[in-house]
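Coordinate analysis (summary)
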Amino acid sequence: MKKLSITVAIPTCYGGESLISTAKTIYASKGVGDFRFIIVADRTPVSPKIKKTLKEMGVELFWNPVEGSQPKKLKQMRDMTKSDLFVFTQDDIDFTPDALRIMTERFEKDPKLTALSVAILPHSDTKTWVEAGMASFIRIVFTIARLWNKGDNYLAASGRCMVFRMSHFNEYRIPEKMVNTDMFFYLENKRLNGKFAMAPDSEVYIRAPQTLKDQLGPSSRYQFQRAELTKFFDFDYSHEYTVPTIIALWAVIKEFIHHPLGVIQYAFVFAYTRIKKQPSKTVSNPVWAVDSTTKS
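Quick summary incoming for the structure in this document. All residue numbers here refer to positions counted from 1 along the written sequence of the relevant chain. Selection of residues for local features in this predicted model requires a pLDDT of at least 70, selection of side-chain atom pairs for listing and counting requires 80 or more, and totals for whole chains, interfaces and linings are taken over all residues. As a convention, hydrogens and water are excluded, and side-chain values are obtained from all of the structure's heavy atoms.

Some words on helix 7 (residues 181–191)
- Partly exposed describes any residue whose relative accessible area lies between the buried limit of under 20% and the exposed limit of over 50%, with all areas from a 1.4 Å probe on protein chains only and scaled to the type maximum. Where helices and strands are cited, they refer to DSSP runs of H or I of at least four residues and of E of at least two residues respectively, numbered from the N terminus. Counting buried residues in helix 7 gives eight out of eleven residues, a clear majority hidden from the surface.
- Listed in full, the buried residues belonging to helix 7 are Thr181, Met183, Phe184, Phe185, Tyr186, Leu187, Glu188 and Asn189.
- Two residues or fewer after helix 7 comes Asn193, characterised by a positive phi angle close to 60 degrees.

A closer look at the nonpolar core
- One finds Phe37, Val87, Phe95, Leu100, Met103 and Val204 to be the most contacted residues of the largest nonpolar core, which totals 42 residues.
- Counting residues per element, this core draws most heavily on helix 4 (residues 99–109), which supplies five residues.
- If we ignore the near neighbours within four places in the chain, the residues touching Val87 are Ile6, Thr7, Val8, Ala9, Phe95, Leu100, Met103, Cys161, Met162 and Val163.
- Side-chain atoms within 4.5 Å are what join buried Ala, Val, Leu, Ile, Met, Phe, Trp, Tyr and Cys residues into a set we call a nonpolar core. Core analysis: the next-biggest nonpolar cluster, separate from the first, contains 40 residues, Ala115, Ala119, Phe185 and Ile247 among them. Contact criterion: two residues are considered in contact whenever any of their non-hydrogen atoms come within 4.5 Å of each other.

Topic: the packing of aromatic side chains
- Between the rings of Phe, Tyr and Trp (Trp by its six-membered ring), a pair exists once the centres lie within 6.5 Å; its type follows the angle of the planes, with under 30 degrees stacked, over 60 edge-to-face, and the other angles tilted. For the structure on display, the rule yields 20 aromatic pairs.
- With a centroid separation of 4.2 Å and an interplanar angle of 10 degrees, the aromatic rings of Phe164 and Phe169 are classed as stacked. For the pair Phe164 and Phe169, a shared accessibility class is recorded, and that class is buried.
- Considering the side-chain rings of Phe184 and Phe233, the 5.3 Å spacing of their centres and the 50 degrees angle between planes classify their relative orientation as tilted. Separated by 49 residues along the polypeptide, Phe184 in helix 7 and Phe233 in the loop between helix 8 (212–229) and helix 9 (245–258) bring together distant segments of the chain.
- A residue is classified by how much of its surface remains accessible, and Phe184, at 0% relative accessible area, is buried.
- Aromatic rings pair up to connect Phe86, Phe164, Phe169, Tyr172, Phe184, Phe185, Phe232, Phe233, Phe235 and Tyr237 into one cluster.
- Geometrically, a lysine NZ or arginine CZ counts as sitting over a ring once it is within 6 Å of the ring centre and also within 35 degrees of the ring normal. Seen from the ring of Phe169, Arg78 lies directly overhead, with NZ or CZ sitting 5.6 Å from the centre.
- Here Arg173 stacks its cationic end above the ring of Phe233, 5.1 Å away from the centre of that ring.

This is how it looks when you write it as structure tokens:
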């Protein structure tokens, strides 16, 4: 098998200590050799201390004086990339040592594979009841995504960590005013006749929102997503949202057996974010406020 080259890319408007934490876990990856690591930042200035640490690690940090959306920064990083694979992730993700190797091997073993998702899992040391509820939700989503259509589904496509084959990714449209790129990238891959898969054994970990306020924004943007997509796709994708009932039920039962309180707590979070849903005028802005507790 041909050994594929990798670029890891993080767009950020936060620029805090979480960048160092994430970079440390990525550089602790085993079995991948050398790879390029780029960060494009705006809005919040990166401190000299963090800049120095990232530079010593080998990270290439680019600063945009004019703030832009996440897709704008993502397109900028794509244009910088000459490697075979593009690993798009976030500044609050912790990689397991084998995650990057497993991602790469999936593409090396399957030349037709164009887009890959991984296992997005919550940290177990939850700090608030909201985070505990969101952790249960994240595990439920992962279970459904893994079982539904062998991992080829929109729930598996998460912007927290996705991998693209550059020869195919270069053909993607990346609208700078796109609010939520997750489902957009999944459908864009389909539009271009790509092959999508999930690597459930490639695990990365996230810190779930710890307050209702921090969950309200992402939830509202997600609820807006389906309406937003009508501007970009003229084929019928409504069936893509139809989660198989038996799989969804199994995922909830499984989570309830292991974390009954978490499931109940998420029910309250779900109800709150639907009742308090932000108006479309607010969530349609592609430059949003940072959900700060996920960066802690």
